[in-house]
Amino acid sequence: MTDDKLTGLRKSIDKLDGEILKLISDRARCAQEVAQVKQQEDSDAVYYRPEREAQVLRRVMERNDGPLGDEEMARLFREIMSACLALEEPVKVAFLGPEGTFTQQAAVKHFGHSAVCVPMSAIDEVFREVTAGAVNYGVVPVENSTEGVVSHTLDSFMDSNLKICGEVVLRIHQNMLVSENTRRNHITRIYSHAQSLAQCRKWLDAHWPMAERVAVNSNAEAARRIKGEWNSAAIAGDMAAEMYGLEKIAEKIEDQPDNSTRFLIIGNQDVQISGADKTSIVVSMRNQPGALHAILEVFQVHNIDLTRIETRPSRSGTWNYVFFIDFSGHIDDPVIKIVLERLGERANDLNVLGSYPKGVL
Ligand SMILES: O=C(O)C(=O)C[C@]1(C(=O)O)C=C[C@@H](O)C=C1
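As annotated in an unreviewed UniProt entry, the protein chain is Bifunctional chorismate mutase/prephenate dehydratase from Endozoicomonas gorgoniicola. Checking UniProt for the protein chain, the heading Function (unreviewed entry) contains the comment "Catalyzes the Claisen rearrangement of chorismate to prephenate and the decarboxylation/dehydration of prephenate to phenylpyruvate."

Here it is as structure tokens:
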């Protein structure tokens, strides 16, 4: 009886799979036609359209009635779109490597598995590769909910004409990893990226107070190193653990359970309005009392939601403050145009880094 029921259900699944297969193929053919239209309009056509992708994913989440969760369903569509885009033109993405870093995880989350991801050894290298046209886009970390801003990324924008085309937020879970060679009772050294060590500070104080904490270039580098050392462990994410075949002796060891990192997608593209957007700008002000107030006032008067403000020392001697500001809205929104005009009147220099869809997944 139950066997009959199971057979019947599997028949239904086979039939549905057939329909899904046909529909996905129809969709892929549509995307191929979209590519032809883009090509006819402009021989240098840009195939990847962040605003359209954000709209597709948001609509999927709005329309979804379960039983799969909204994010789960959006992730499936993320992969379908990634494959459709690869049919139009495979996207090449540089990320802060090596393989197995959270930045690679962010790149895959944003572009899907059909994108070609290329590891770079430093943030400025990611910027350089995109500027040189060797890749279409780059992915770099910009802020962590526990540790704050990645100042290297902000500084790189000061020397670059690249635009921000998107953002992606990743929940960061850290693990304590050992290799098959590690003598677990003799761990005297723990490798990780400085930010990850800081994110796990309390856990390390409680569990490994005597072990030396050694900061290296990336978590993946930490994972790679311990393969050859019997007395060391690493702190890194799941991707690095899998990539280097390491064992997790403790999971989710970050001090803040909602630890997350925000990454930026950088490219050469002006992104159109998606309906829920953010804009990032850099503003230089003279060192005088009230400089910050003069900026904030403009946002307050026009009722614009500021999502982040960071101060960095200016590189040139002319200005003392450089403010990196993120706010809700798109440069093509009439009110944002006015805000930018007003800010321009008060600032020494104002540079729009880009308007882009708010992270969906
Ligand atoms: O709508 C487009 O412009 C497409 O190219 C189609 C499509 C999709 O599969 O939906 C694919 C890639 C783009 O980044 C956005 C959307």
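Peer 1: Before we move on, can you summarise a nonpolar patch on the surface with the specific residues and values?
Peer 2: A cluster of nonpolar side chains, contributed by Leu 16, Ile 20 and Ile 24, occupies part of the molecular surface with about 250 Å² of accessible area. On the secondary structure map, Ile 20 appears in helix α1 (residues 2-41).

Peer 1: Describe empty space enclosed by the protein, naming the residues involved and giving the relevant values.
Peer 2: Throughout the structure, instances matching the rule amount to two cavities of 30 Å³ or more. Space inside the largest cavity adds up to approximately 190 Å³. Those elements giving two or more residues to the lining of the largest cavity turn out to be α2 (50-63), α4 (102-111) and β5 (163-171). For the lining of the largest cavity, the class distribution of residues is nine nonpolar, three polar and five charged. The volume enclosed by the second largest cavity comes to roughly 50 Å³. Along the walls of the second largest cavity sit Tyr 48, Glu 53, Arg 78, Ser 82, Leu 85, Ala 86, Val 91, Phe 111, Ser 114 and Ala 115, which together make up its complete lining.

Peer 1: Can you tell me about the sheet that holds strand β6 (residues 175-178), naming the residues and giving the values?
Peer 2: Across the sheet, five strands lie side by side as β8-β7-β9-β6-β10; this open sheet has mixed pairing. The open sheet has two edge strands with one neighbour each: β8 (212-216) and β10 (247-250). The average angle at which neighbouring strand axes cross in this sheet is 35°, direction not considered. Note: strand β7 (residues 189-193) against β8, five bridges, orientation parallel. Within β8, the position partnered with Ser 192 by the bridge is Ala 215.

Peer 1: Hey, could you go over the site of the ligand for me, with residue numbers and the actual values?
Peer 2: The local shell around the ligand consists of Arg 27, Val 34, Lys 38, Tyr 47, Tyr 48, Arg 49, Arg 52, Glu 53, Met 81, Cys 84, Leu 85 and Glu 88. Between the ligand and Arg 49, the relevant distance is 2.9 Å, taken from an oxygen atom to a main-chain nitrogen or oxygen of the residue. Between Glu 53 and the ligand, the recorded distance is 2.6 Å, taken from a side-chain N or O atom to an oxygen atom. Those elements that place two or more of their residues in the shell around the ligand are α1, α2 and α3 (70-88). It is α3 that contributes the most residues to the shell around the ligand, four residues altogether. Grouping the amino acids of the shell around the ligand by side-chain chemistry returns six nonpolar, no polar and six charged.

Peer 1: So what's going on with the pattern of salt bridges? Residues and values would help.
Peer 2: Using the criterion set out here, one finds 27 salt bridges in the structure. Between Asp 26 and Arg 29 there is a salt bridge whose closest N-O contact spans 3.1 Å. Taken together, the residues span about one helical turn, with Asp 26 and Arg 29 both in helix α1 at a distance of three residues. Residue Arg 262 pairs with Glu 167 through a salt bridge whose shortest N-O separation is 2.6 Å.

Peer 1: Quick rundown of the layout of surface pockets? Include the residues and the values.
Peer 2: The calculated volume of the largest pocket comes to roughly 550 Å³. Lining the largest pocket are 20 residues; nearest its centre among them are Arg 75, Gln 105, Val 108, Lys 109 and Leu 170. Residue assignment for the lining of the largest pocket shows that the elements contributing at least two residues are α3, α4, β5 and α10 (238-243). Broken down by element, the lining of the largest pocket gets its largest block of residues, five residues, from α3. Here the residues of the lining of the largest pocket are counted per class, giving seven nonpolar, five polar and eight charged. Its boundaries defined by the atoms lining it, the second largest pocket holds a volume of some 480 Å³. What lines the second largest pocket is a set of 23 residues, and nearest its centre among them are Leu 96, Thr 103, Pro 141, His 193 and Asn 217. Mapped onto the lining of the second largest pocket, the elements with two or more residues apiece are α4, β3 (137-144), α7 (194-199) and β11 (260-267). Ranked by the residues each element gives to the lining of the second largest pocket, the list is headed by α7, at three residues. Here the lining of the second largest pocket is built from residues that sort into eight nonpolar, 15 polar and no charged.

Calculation criteria
By convention here, each chain's residues receive numbers from 1 onward along its written sequence. Selection of residues for local features in this predicted model requires a pLDDT of at least 70, selection of side-chain atom pairs for listing and counting requires 80 or more, and totals for whole chains, interfaces and linings are taken over all residues. Think of the side-chain values as coming from all heavy atoms in the structure, minus any hydrogens and water. UniProt positions are given in the numbering used here, feature names are shortened, and annotations may be inferred rather than shown by experiment. The patches reported here contain residues having more than 30% relative accessible area and no salt bridge. Joining distances are 9 Å for like charges and 5 Å for nonpolar side chains (Val, Leu, Ile, Met, Phe, Trp, Tyr). Per-residue and other accessible areas were derived by the Shrake-Rupley procedure at a 1.4 Å probe size, with only the shown protein chains allowed to occlude residues. Salt bridges are defined by distance alone: a side-chain nitrogen of Lys or Arg within 4 Å of a carboxyl oxygen of Asp or Glu. For helices the rule is a DSSP run of H or I covering at least 4 residues; for strands it is a run of E covering at least 2, with both sets numbered from the N terminus onward. Using protein atoms alone on a 1 Å grid, points that fit a 1.4 Å probe yet trap it form a cavity, whereas open point sets bounded by protein on both sides within 12 Å along at least five of seven lines form a pocket; residues with an atom within 4 Å of a point count as lining. Grid points are joined across faces, edges and corners, and a volume is the space filled by probe spheres set on the points. All amino acids are sorted into three groups, where Ala, Val, Leu, Ile, Met, Phe, Trp, Tyr, Cys and Pro are nonpolar, Asp, Glu, Lys and Arg are charged, and the leftover types, Gly among them, are polar. Strand pairing is assigned whenever DSSP identifies at least 2 bridges connecting the two strands. Angles shown run from 0 to 180 degrees and are taken between the N-to-C directions of axes, each axis being a line fitted to C-alpha atoms and, for helices, limited to the stretch in contact. We call a residue near a molecule or strand whenever a single non-hydrogen atom of that residue lies within 4 Å of it. Definition of a polar contact: a pair of N or O atoms within 3.5 Å, with one able to donate and the other able to accept a hydrogen when the atoms are protein atoms, and with sequence-neighbouring residues admitted only if both atoms are side-chain atoms.

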